[in-house]
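# Commentary on secondary and tertiary structure
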Amino acid sequence: MEKKQIGVLAVQGAFAEHIAMVRRLGAEAFEIRQLPDLERPMDGLILPGGESTAMRKLLDELGLYEPLRAKIAAGLPVYGTCAGLLLLAKEIEGGTPCFATMDVSAVRNAYGRQLGSFYTEAEFAGLGTIPMTFIRAPYIASVQKNVKVLATVDEKIVAARQGNQFATAFHPELNEDVTVHRYFLEEVCKGN
Ligand code: GLN
């Protein structure tokens, strides 16, 4: 089987850790920094954590916004972490949506103990208890019926999937556990 090719948005934020994680799982990862990077074959896309407002601005300036939005809307498997979740969300309480392709309503910087930065362990999608690192994390306040909830912490939704779109409020790339990236590669990117 050919190695899966995963594009990782690398204009800002924690992209290097995602690239390392994808490679550890035997797939190939490449950085998306400018338009020509989108000419490479891509089986999946990762939108990393960072600062969603800065990323949105850079996506516009670099001309990446529309082509990426179109690819996601056309069914490209995508995984958004933290700020990446905010880029996908159709609604953001107290913020402006970006791609707005995923039928979830998110709340920015509004979650949890220690001003939204904390570590916990919780059940993920029937795959066991995994480490979850939250950094000024958003959470998902509500989802449409077509969205599957994959994890909750303190009764807040922290992982969800809608077909080709998958998002977590926490940062699995900052821990050693590969469950979430394996889920993305094997389940969300299936058939691509
Ligand atoms: N608070 C950040 C935002 O609004 C997200 C934080 C993160 O990605 N670690 O973009």
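Residues numbered from 1 in each chain as written. Predicted model: local features only at pLDDT ≥ 70, side-chain atom pairs only at ≥ 80, totals over all residues. Heavy atoms only, no water.

## Topic: the pairing of strand β12 (residues 165-168)
Side-chain positions along a regular strand alternate between the two faces of the sheet. Using the following cut-off: Each residue is placed in one exposure class: buried if its accessible area under a 1.4 Å probe, protein chains only, is under 20% of its type's maximum, exposed if it is over 50%, and partly exposed if it falls in between. Secondary structure elements are defined from DSSP: runs of H or I of at least 4 residues count as helices, runs of E of at least 2 residues count as strands, and each element is numbered from the N terminus. Should DSSP find at least two bridges between two strands, the strands are regarded as paired.
Burial along β12 is two-sided: the face carrying Gln165 and Ala167 and the face carrying Phe166 and Thr168 are both buried. Relative to β12, strand β4 (residues 78-81) runs parallel, the two being bridged by four bridges. When the bridges of β12 are listed, Gly80 appears paired with Ala167. Two elements, strand β11 (residues 156-162) and β12, share four bridges in a ladder whose sense is antiparallel. Along β12, the bridge assignment pairs Gln162 with Gln165.

## Overview of the packing of aromatic side chains
Let me state the cut-off plainly: Pairing of aromatic side chains requires ring centres within 6.5 Å, counting the rings of Phe and Tyr and the six-membered ring of Trp. Pairs whose planes differ by under 30 degrees are stacked, by over 60 edge-to-face, and all others tilted. The criterion is that NZ of a Lys, or CZ of an Arg, lies within 6 Å of the ring centre and within 35 degrees of the ring normal, and then a charge sits over that ring.
Using the criterion set out here, one finds eight aromatic pairs in the structure. Members of the aromatic cluster, each reached through a chain of ring pairs, are Tyr79, Phe124, Phe166, Tyr183 and Phe184. Above the face of the Phe30 ring, Arg40 is positioned so that its terminal group lies 4.1 Å from the ring centre. Above the face of the Tyr139 ring, Lys156 is positioned so that its terminal group lies 5.1 Å from the ring centre.

## Quick word on the side chain of Thr81
What counts here: Any two residues having at least one pair of non-hydrogen atoms within 4.5 Å are treated as being in contact.
Relative to the elements of secondary structure, Thr81 occurs in strand β4. You can call Thr81 buried: its relative accessible area is 0%. In this view, Thr81 contacts His18, Leu47, Pro48, Gly49, Thr168, Phe170, His171, Pro172 and Glu173; residues no more than four positions away in its chain are not counted.

## Here's the deal with the site of the ligand
Rules: Here, proximity means that at least one heavy atom of the residue falls within 4 Å of the molecule or strand. The definition of a polar contact used here is a pair of N or O atoms within 3.5 Å, where within protein one atom must be able to donate a hydrogen and the other to accept one, and adjacent residues in sequence count solely through side-chain atom pairs. For the area figures, the Shrake-Rupley method with a 1.4 Å probe applies, and any residue is considered shielded solely by the protein chains shown.
In the vicinity of the ligand, the contacting residues are Gly49, Gly50, Glu51, Ser52, Cys82, Ala83, Leu86, Arg108, Asn109, Ile135, Arg136 and His171. Contacts to the ligand include Gly50, whose backbone N or O atom sits 2.9 Å from an oxygen atom. His171 places a side-chain nitrogen or oxygen 3.0 Å from a nitrogen atom of the ligand. In the complex, 97% of the free accessible area of the ligand, which totals 300 Å², lies under the protein chains.

## Focus: the UniProt feature "binding site: L-glutamine" (unreviewed entry) in the protein chain
Inclusion rule: UniProt positions are given in the numbering used here, feature names are shortened, and annotations may be inferred rather than shown by experiment.
The UniProt feature table records "binding site: L-glutamine" (unreviewed entry) at Gly50, Glu51, Ser52, Arg108, Ile135 and Arg136. These residues run over 87 residues, yet every pair of their C-alpha atoms falls within 12.9 Å of each other. You can see Ser52 is positioned in helix α2 (residues 52-61). Those residues in contact with Ser52, other than ones at most four positions away along the chain, are Ala83, Leu86, Leu87 and Arg108.

## Section: the pattern of salt bridges
Cut-off, in case you're wondering: Any carboxyl oxygen of Asp or Glu within 4 Å of a side-chain nitrogen of Lys or Arg constitutes a salt bridge here.
All told, the structure shown has nine salt bridges when counted by the stated rule. One salt bridge connects Glu176 with Arg24, and the closest N-O pair in it is separated by 3.3 Å. Taken together, the residues Glu176 in the loop between β12 and α5 (179-188) and Arg24 in helix α1 (residues 15-24) connect sequence positions 152 residues apart. Overall, the relative accessible area of 62% leaves Glu176 in the exposed class.

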